[in-house]
Amino acid sequence: MELAALHLQLAPLLPAIGGTIGGALLLYLLATTLTACSVPGMIIPMSLTGGLLLGPWLAVLTVATGAVTGSLLLFALTRRFGAERLRRRFGSRLEPFEERLTRLGPYAVAGLRVAGAPGPLITAGAALTSMNRTPFALATLLGLLPSVVLAAASPGLILG
C-alpha cells in the first residue's frame, strides 16, 4: 500500500483516540508494552506510524521514551527474576559476553542497539552485569535514537 493512501486511512482514527495527545499516549504505552514483552522489530513500524500520524518530533519523543521505559522494565525484571536462571542455563558460555558488557558498559549497549542487535538480548545481557539503570537507559536512548528519528521523519520526507 502506498504511504499517502495509508495516511489517508489512518488519519481519521486520530480524533477517535483522543487527538494528538491521546495518540501520543497510546503510542507511548504500546512502545513500552511491546518492548517490555520483548516483541521484536516493533521500533521502526511504530516510529513510521507515529511520524505519519503525529509528526516526526512527537513520534520520536513518544516511541523513544516508550522503548526506554519498556527496556528499563525488562532490565529490572531480568535482574530480579531471571539472572540466576540464565546463569544456571547457560553457565560458562555467558562469561565472555558478560565480561565484555561489564568492561564496555554503556558503550556496548549503545553500539549494539545502533547495530541492530536484538533488544531483549542486549537488555538481558546488561541486566546480568553490575551496570546501573541510569547508564543503561541513556545508552539505550542513544542507541535507539538514530533509527527512531530516521523512521519517524521518513513519512514527512516522502509525502512532502
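Above this note sits the structure.
So, here's what we can say about the structure. This one's a predicted model, so the numbers in the text were calculated from it and none came from an experiment. (Residues numbered from 1 in each chain as written. Predicted model: local features only at pLDDT ≥ 70, side-chain atom pairs only at ≥ 80, totals over all residues. Heavy atoms only, no water.)

The number of helices and strands found in the chain is 9 helices and 0 strands. Secondary structure of the chain in N-to-C order comes out as α-α-α-α-α-α-α-α-α. Burial analysis of the chain (160 residues in total) assigns 39% to the buried set. Accessible area of the chain: about 9,100 Å², with a carbon and sulfur share of 69%. (Helix = DSSP H or I, 4+ residues; strand = E, 2+ residues; numbered from the N terminus. Buried < 20%, exposed > 50% of the residue type's maximum accessible area, 1.4 Å probe, protein only. Areas by Shrake-Rupley, 256 points an atom, 1.4 Å probe, with all protein chains shown as cover.)

Below, the discussion takes up the packing of helix 6 (residues 95-104) against helix 8 (residues 119-128). Taken N-terminus to C-terminus, the directions of helix 6 and helix 8 make an angle of 80 degrees; their axes are 9 Å apart at the nearest point. Here helix 8 runs roughly perpendicular to helix 6, going by the angle between their axes. Residues F97, E98 and L101 of helix 6 form the contact with helix 8, whose own contacting residues are L121, G125, A126 and L128. Along the lines of polarity and charge, the residues of the contact of helix 6 with helix 8 split into 5 nonpolar, 1 polar and 1 charged. (Axes fitted to C-alpha atoms, helices over the stretch in contact; angles between N-to-C directions. Parallel < 35°, antiparallel > 145°, perpendicular 65-115°, else oblique. Contact = heavy atoms within 4.5 Å. Nonpolar A, V, L, I, M, F, W, Y, C, P; charged D, E, K, R; others polar.)

Examined against the element boundaries, V148 turns out to sit in helix 9 (residues 133-159). Take V148: its relative accessible area is 0%, and that puts it in the buried class. Note: C-alpha distance between V148 and V63 (85 residues apart in sequence) is 7.4 Å. When sequence neighbours within four positions are dropped, the list of residues in contact with V148 reads I43, S47, V60, V63 and A64.

Our focus in this paragraph is the packing of aromatic side chains. Any two aromatic rings considered together are summarised by their centre-to-centre distance and by the angle between their planes. Applying the stated criterion to the full structure yields 1 aromatic pair. Aromatic pair F75 and F136: ring centres 4.5 Å apart, planes at 20 degrees, arrangement stacked. With F75 in helix 5 (residues 56-90) and F136 in helix 9, this residue pair connects regions lying 61 residues apart in the sequence. Taking relative accessible area as the criterion, F75 reaches 1% and is therefore assigned buried. (Phe/Tyr/Trp six-rings, centres within 6.5 Å; stacked < 30°, edge-to-face > 60°.)

Counting buried residues along helix 8, 7 of its 10 residues qualify, which places the element largely inside the surrounding structure. All buried positions along helix 8 are accounted for by I122, T123, A124, G125, A126, A127 and L128.

Our next topic: the environment of L26. As for its position among the elements, L26 is in helix 3 (residues 19-36). As a C-alpha pair, L26 and T62 span 36 residues in sequence and 9.0 Å in three-dimensional space.

Between helix 5 and helix 8, the shortest axis-to-axis distance is 8 Å and the interhelical angle comes to 65 degrees. Here helix 5 is positioned roughly perpendicular relative to helix 8, judged by the angle of their axes. Once helix 5 is placed against helix 8, the crossing between them reads as right-handed. Here S71, L74, F75, T78, R79, A83, L86 and R87 of helix 5 come into contact with helix 8, specifically with P120, T123, A124, A126, A127 and L128. Here the residues of the contact of helix 5 with helix 8 are counted per class, giving 9 nonpolar, 3 polar and 2 charged. (Left-handed = near helix turned anticlockwise from the far one by under 90°.)

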